[in-house]
Amino acid sequence: MNGQQRKNIKPGIEVAIVLKQDQRTGKLTKGIVKDLLTKSQTHPHGIKVRLTDGQVGRVKEIISNSDSQ
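Bear in mind the structure is a predicted one, so any value in this text is a computation, not a measurement.

Rules behind the numbers
Residues numbered from 1 in each chain as written. Predicted model: local features only at pLDDT ≥ 70, side-chain atom pairs only at ≥ 80, totals over all residues. Heavy atoms only, no water. Helix = DSSP H or I, 4+ residues; strand = E, 2+ residues; numbered from the N terminus. Buried < 20%, exposed > 50% of the residue type's maximum accessible area, 1.4 Å probe, protein only. Contact = heavy atoms within 4.5 Å.

### Description of the environment of proline 11
Relative to the helices and strands, proline 11 is located in the segment before β1 (14-19). Under the relative-accessibility criterion, proline 11 is labelled exposed at 52%. When the C-alpha positions of proline 11 and threonine 52 are compared, they lie 9.2 Å apart, and in sequence the two are 41 residues distant.

What follows is the structure, given as structure tokens:
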């Protein structure tokens, strides 16, 4: 599942994001979603989120959905 739709992303799920400084390389950072920062329902580059450790980036991949566990 990709991270372009806001409805797929909720606080508490594990995601892989690309940080602003890693956009050129595409390096992914894994973490747990704390806040959703994008207000629109979709975004072509991924929904912007804040992780529980404070890092901010755009969701490229949803690793585990809390609803499916």
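### Digging into the environment of valine 56
With respect to the secondary-structure elements, valine 56 resides in strand β4 (residues 56-64). Here valine 56 falls in the partly exposed class, since its relative accessible area comes to 33%. Discounting chain neighbours no more than four positions away, the residues touching valine 56 are Ile17, Leu19, Lys20, Leu37, Lys48, Val49 and Arg50.

So, to be careful, I would describe these as geometric facts and stop short of saying anything about function.
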